[in-house]
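# Coordinates in review
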Amino acid sequence: MYKDLRENLAELERIGQLKLVQGAHWDTEIGALANITAGKFGPALLFDNIPGYPKGYRVVTNNFNNPKTMAVALGLEPKETTRELVQEMRTRYKEWISHPIAPRFVSSGPVMENVHRGEEVDLYELPTPVWHHNDVSPVTGERVRMLGTMTAVITQDPETGWVNLGTYRNQVFSRNRVGLDMRDGRHGAMHRDKWWKQGKPMPVAISVGHDPLVGIFAGMEVAPHGVSDYDVMGAIRGEPVEVIKGPLTGLPIPATAEIVLEGFYRPDDERFEEGPFGEWAGYTDGGSTKRSLLVEAVYHRNDPIISGCPPGKPPRCNEMYLLCTWRAALVHNALEAAGVPGVTAVWGHETGNSRVLLIVAIKQQYIGHARQAGLIASQCAAGAYTNKYVVVVDDDIDIYDTNDWLWAVCFRSMPDDSIEIIRRTYGSGAAIKGRFGGWSPSLHKVHAASETQRTLNVPGSVCLIDATVPFEYLNEKPETADPPAELRAALARKWPDLVE
Ligand SMILES: Cc1cc2nc3c(=O)[nH]c(=O)nc-3n(C[C@H](O)[C@H](O)[C@H](O)COP(=O)(O)O)c2cc1C
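Not measured: the values here are computed from a predicted model.

## Brief notes about the site of the ligand
Residues in contact with the ligand amount to 19 residues; listed here are only the nearest, Thr 167, Tyr 168, Asp 181, His 187 and Glu 221. Within the backbone of Thr 167, a nitrogen or oxygen atom sits 2.8 Å from an oxygen atom of the ligand. Between the ligand and Arg 169 there is a distance of 2.9 Å, counted from an oxygen atom to a backbone nitrogen or oxygen. In isolation the ligand has 630 Å² of accessible area, and contact with the protein removes 93% of it. Put simply, the ligand lies in the largest pocket. Counting residues per element, the ones that place at least two in the shell around the ligand are strand E8 (163-166) and helix H6 (212-219). If one sorts the elements of the shell around the ligand by residue count, E8 sits on top with three residues.

Have a look at this one:
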């Protein structure tokens, strides 16, 4: 398996899944190209010759946006279809999670090729993109430069020693200050609360350029609570991830990372205007005052590469495919673990950015089976956060084909008895105006009494649509009028241009 981002990119180039883009501007052009390509499930993009920056100072995006690139990111053979990929991810995950391999400390690594401390820190030396055309602060008038989008924020639980990686975005506020936008419920936020309760600043290391495995583990709830992301990454690699002790914080940082920042997060640190930013629900969101982190040191390789993963209007959203495939695999496994029989497939739909709309296919075995599967899918750990719709269909439906499962909604469900509404579910803290998550300013409260001033999530709700044929009528289900597979194959031999 690749040792670092550069070997990963070489592998992608070999299989025709890397496109080198020369001369795209850091202000909007890189972000727009990345999002448009993501919506087409396209190849990885490596941006070089970025105006105003030395050649070699690069940005990579889209390195897990289709079955081929995502499989390579996980050290698997490239896959032709999402179905194959999800099936393999879900079986391999069970092995990986049961055979964790702890990281190994090494004395140094390529990330230490360039070291800038204190006054030498200047984040503007990196070609940080403005990812979306309207990322501009109405307060300061400044363009929003988000250095950490596929960022891995490394923190440690001060009581147990558990090390976590989380993607919590980092806007460049000044030459040595970044934002650290950890939403309520995130592991990094739990660590922060413990450090601050002890009256101590939280040591933080932030990798903003790294191989895709680091990004996947930081950005998705793959490792369960209390399990270090590094240990599961080691299991996937079949050997320990090599880390070096952060010179300032002592935190384990990937030895082969491209760019790492270090500092200490304090409750009383200077505040800046953060955002607005094009968010994963597709709106330009936010714009509020946020606490900053003082970056006391920057380490980077020669010719460093920023890992970018700009959100956007799904499916033109860079994190979409990563989240859809993992959500599908983890929710399917959770249904199995909960003892729900006959689940044949799960999909976290791309237009809902994997979380908002889940589709579950089952081979029905008893009355109530569909409601049971839908309720558990929407409330298990991998499915609950911001889920709004869960659709349960029979196993003859292709859940990767939106027209097919929507056909089941149209012709197998009846609104007066196929829909359940579940209230006060795990909502979002994302301040997205309009109907998202039922957001409204009066509900979006800051917990003034808490010492960490945590911003609470807004309660969500879930609509379960049972689009299965009622169990008691299964035997009477009519045949569909669609041409069957054998007829299609025969027709394809005679008239390939019409059928394929
Ligand atoms: C590209 C990308 C960007 C993300 N940005 C943020 C963010 O800015 N803040 C946040 O709290 N979560 C963000 N998330 C979601 C978390 O990273 C995700 O829930 C992850 O599992 C958090 O790690 P944790 O479970 O260890 O806390 C993002 C995820 C991805 C893939």
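## Quick look at the confidence of the model for the chain
Per-residue confidence for the chain gives a mean pLDDT of 93; residues scoring 70 or more make up 94%. Low pLDDT, under 50, characterises residues 431-453; the stretch is placed with 46 contacts to residues that sit more than four places away or in other chains.

## Here we look at the layout of surface pockets
A volume near 1000 Å³ is recorded for the largest pocket. Around the largest pocket, the lining comprises 43 residues; the ones closest to its centre are Arg 186, Gly 219, Met 220, Glu 221 and Arg 355. Elements supplying a minimum of two residues to the lining of the largest pocket: E8, helix H5 (187-197), H6 and helix H8 (320-337). For the lining of the largest pocket, the leading source of residues is H8, giving five residues. A breakdown of the residues in the lining of the largest pocket according to their chemical character gives 24 nonpolar, 10 polar and nine charged. Per-domain counts for the lining of the largest pocket show at least three residues from each of domain 1 (5-307) and domain 2 (320-474).

## A short note on the packing of aromatic side chains
Following the criterion strictly, the structure yields six aromatic pairs and no others. Here Tyr 93 and Trp 326 contribute two aromatic rings whose centre-to-centre distance is 5.7 Å and whose plane-to-plane angle is 75 degrees, an arrangement assigned as edge-to-face. Here the residue Tyr 93 occupies a position in helix H4 (residues 82-98), and Trp 326 occupies one in helix H8, the gap between them amounting to 233 residues. For Tyr 93, a relative accessible area of 11% corresponds to the buried category. Look at Phe 173 and Phe 272: their rings are 4.9 Å apart centre to centre, the planes differ by 10 degrees, and that puts the pair in the stacked class. With Phe 173 in strand E9 (residues 170-174) and Phe 272 in strand E15 (residues 271-274), the pair connects residues that are 99 residues apart, well separated along the chain. No difference in accessibility class separates Phe 173 from Phe 272, as the two residues are buried. Over the ring of Tyr 385 we find Arg 186; its NZ or CZ atom is 5.0 Å from the centre of that ring. Here Lys 245 stacks its cationic end above the ring of Phe 105, 4.8 Å away from the centre of that ring.

## Notes on the pattern of salt bridges
Enumeration over the complete set of coordinates arrives at 35 salt bridges. The partner of Arg 301 in a salt bridge is Asp 4, and the shortest N-O contact between them spans 3.0 Å. Here the residue Arg 301 occupies a position in the loop between strand E18 (288-300) and strand E19 (305-307), and Asp 4 occupies one in the segment before helix H1 (5-14), the gap between them amounting to 297 residues. Of the residues examined, Arg 301 reaches a relative accessible area of 9% and is grouped as buried. Lys 79 is the partner of Glu 88 in a salt bridge, and the nearest nitrogen-oxygen pair spans 3.1 Å. With a relative accessible area of 22%, Glu 88 lands in the partly exposed category. Its relative accessible area of 8% is what places Lys 79 among the buried residues.

What counts and how
- Residues numbered from 1 in each chain as written.
- Predicted model: local features only at pLDDT ≥ 70, side-chain atom pairs only at ≥ 80, totals over all residues.
- Heavy atoms only, no water.
- Near = heavy atom within 4 Å.
- Polar contact = N/O pair within 3.5 Å; in protein donor to acceptor, adjacent residues only side chain to side chain.
- Areas by Shrake-Rupley, 256 points an atom, 1.4 Å probe, with all protein chains shown as cover.
- 1 Å grid on protein atoms, 1.4 Å probe; cavity = no way out; pocket = protein on both sides within 12 Å on 5 of 7 lines; lining within 4 Å.
- Sits in = over half its atoms within 2 Å of the grid points.
- Helix = DSSP H or I, 4+ residues; strand = E, 2+ residues; numbered from the N terminus.
- pLDDT = per-residue confidence, 0-100.
- Contact = heavy atoms within 4.5 Å.
- Points joined across faces, edges and corners; volume = space filled by probe spheres on them.
- Nonpolar A, V, L, I, M, F, W, Y, C, P; charged D, E, K, R; others polar.
- Domains from an automatic or database assignment.
- Phe/Tyr/Trp six-rings, centres within 6.5 Å; stacked < 30°, edge-to-face > 60°.
- Buried < 20%, exposed > 50% of the residue type's maximum accessible area, 1.4 Å probe, protein only.
- Lys NZ or Arg CZ within 6 Å of the ring centre and 35° of its normal.
- Salt bridge = Lys/Arg side-chain N within 4 Å of Asp/Glu carboxyl O.

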